[in-house]
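# Architecture and fold: a report
Chain by chain, the residues run as shown.
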Amino acid sequence: MTNEIDEPRHPFLNGLSKHRGAPPTVVVIFGASGDLTARKLVPAIFNLGLDNLLPGEFHLIGYGRKPIADAVFREIMDEAIGEHSRRPLNKEVWDRVRQNMTYHSGGYDDAEAFASLAEKIDQIEAGLGRDVQRLFYVSTPPSVFEPIINNLGRSGMAKAHVGTKLASKVIIEKPFGRDLGSARALNAAINEVFEEPQVYRIDHYLGKETVQDLLVQRFGNSIFEPLWNREHVDCVQITVAESLGVGTRGGYYDTSGALRDMIQNHTMQLVALTAMEPPVSLDPEAIRDEKVKVLKAIQPLELKTDGGDVVRGRYTGGVVDGAPVESYMEAEGIPADSTTETYAALRLSINNWRWQGVPFYIRSGKRMARRASEIAIQFKRPPGILFSEGDKFDVAQNTMVIRIQPDEGVTLVMNSKIPGLETRTQPVKMHFRYATTFGSNTPEAYERLILDAMIGDSTLFIRGDETEASWKLITPILEHWQACGQNGLAEYAAGSWGPSASVRLLSEKGHQWRRSG
Ligand code: BG6
């Protein structure tokens, strides 16, 4: 596939042109002394500044329990930019962001601290002589989500300018609940205070360029969509593999596990975008309606300790990238009786007109052989008349592989004749690489997501019913595993492609993982 195209265009070009009009905004980050603020959020804001995409009137207030002076907060953020920004420091741009950056300390259940925060924002408005949008970014542990939301309600900040373009908005980081019950309770608590259009639930995978490109690949090309159904597709394989272990996040991770941490959110979003029907427009609600429909069409999974539609695993010691690494159980903060999975694989059946009978295999794990996230659409073989002997085919199955990361791009696997006097075939690959065509310095997910929230475009955020549909599928698995304890928790060596039990999920239907060795 050639990398020459006439005019590179963004899939959401119309949306992007709206970006120039982001209204005057005050962003408040709850959890401002946390890791995400320094690693992702403030660097993303600085990079938006570099691209001239911040509104002319932009203020940032960090909110946290720790008392920190404004000057010290700014210094911490100076360091964050030095260490984590995608592009190097531009002093002029950074100074413009920095001069309107302050810190507000207070507890998350401290009504007075919220009242004084509200006053601070009122003063900013008075100083500017115009109304501003309030954008609340909740980047705290989930235990304080509800107190924050309630205090935003009580202090009146949630309702500021409702009914106008400057209506307050709230961005909520994951985890969005631990199961269906808690996700529903959280949705209810949020919707007591905020109208659904004010709520922006983050899944940073939706901010990735390649994930957004999925819609363009599917619906912007007339050669793929006619084949994207049970007539032509044999199976779909979605892999979200990480080579990293849990690092120092063991304490958090052990309460989560691969199913909650990666499958319920990121991987299910990839399933939804891959399998959904064409939306009637690029309107956020039209896209989210289709995603919910397909999530609801996924059949409840068959759950057994041995067999069924799910496999879970935990990594032992092994070798990753040539270096020996410790097992999950040896990592910091993991209790000796842990039953947490670091790998999960699911076989999904989508019972709708398009997909009935086409298995969707999905898997995600830590400490796997390589960092590789991809969606592989494996097509059926042509009739076995010309290139087969008996029931043995001489041609490979066509596969379209959408590489989410790294080496972002699309590969088509097809068959070709090997030059020579005999007719022998060989699978060959056509590659499209983002880095070759577009260069490698694409925006980080958080840049796109913060910008979209500022301009009020919720396309790349999760709606409440979407998160509930996904939890509805996942919660019975969690309950089943909890009841099983260690039973059925397979081991896999760090640096491998996961437990051997996962092979069964596919082989039962005559398939095999694309990458398995
Ligand atoms: C996060 C998970 O949501 O996604 C982490 O909590 C995981 O455990 C991360 O490592 C992966 O994100 P990315 O963008 O590196 O693929």
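Throughout what follows, the structure given in this document is the object of discussion.

## Re the pattern of salt bridges
Considering all chains together, one arrives at 32 salt bridges under this definition. Across the pair Glu92 and Arg96 runs a salt bridge, and its minimum N-O distance is 3.7 Å. One end of the pair, Glu92, and the other, Arg96, are both in helix α4 (residues 91-98), 4 residues apart, so they sit about a helical turn from each other. By relative accessible area, which is 58% here, Glu92 ends up exposed. The exposure class assigned to Arg96 is partly exposed, which follows from its relative accessible area of 44%. The shortest N-O distance in the salt bridge between Arg347 and Asp309 comes to 2.9 Å. Of this pair, Arg347 sits in strand β10 (residues 343-349) while Asp309 sits in the loop between α11 (284-296) and β8 (310-320), placing them 38 residues apart in sequence. Like Asp309, Arg347 is buried. Linked by salt bridges that have partners in common, Glu285, Arg288, Asp289, Arg463 and Asp465 make up one network.

## Re a nonpolar patch on the surface
Together, Ile385, Leu386 and Phe387 make up an exposed nonpolar region whose accessible area comes to about 350 Å². When you line up the elements, Phe387 lands in the loop between β12 (372-379) and β13 (388-389).

## Let's talk about the packing of aromatic side chains
If you walk through the whole model with that rule in mind, you get 18 aromatic pairs. Each ring, one from Tyr361 and one from Trp513, has its centre 6.1 Å from the other, and the planes form 65°; the classification is edge-to-face. A residue pair is termed long-range when its members are at least 10 positions apart, and Tyr361 in strand β11 (residues 359-365) and Trp513 in the segment after α15 (501-507) qualify at 152 residues. In textbook terms, an aromatic cluster arises when at least three aromatic residues are bridged by ring pairs, as seen for Phe30, Tyr63, Tyr108, Phe114 and Phe136. The ring centre of Tyr205 lies 4.6 Å from the NZ or CZ of Lys208, which sits over that ring. The cationic tip of Arg363 hangs over the ring face of Trp513; the distance from NZ or CZ to the ring centre is 4.0 Å.

Thresholds applied
- Residues numbered from 1 in each chain as written.
- Predicted model: local features only at pLDDT ≥ 70, side-chain atom pairs only at ≥ 80, totals over all residues.
- Heavy atoms only, no water.
- Salt bridge = Lys/Arg side-chain N within 4 Å of Asp/Glu carboxyl O.
- Helix = DSSP H or I, 4+ residues; strand = E, 2+ residues; numbered from the N terminus.
- Buried < 20%, exposed > 50% of the residue type's maximum accessible area, 1.4 Å probe, protein only.
- Patch = residues over 30% accessible without salt bridge, like charges linked within 9 Å, V, L, I, M, F, W, Y side chains within 5 Å.
- Areas by Shrake-Rupley, 256 points an atom, 1.4 Å probe, with all protein chains shown as cover.
- Phe/Tyr/Trp six-rings, centres within 6.5 Å; stacked < 30°, edge-to-face > 60°.
- Lys NZ or Arg CZ within 6 Å of the ring centre and 35° of its normal.

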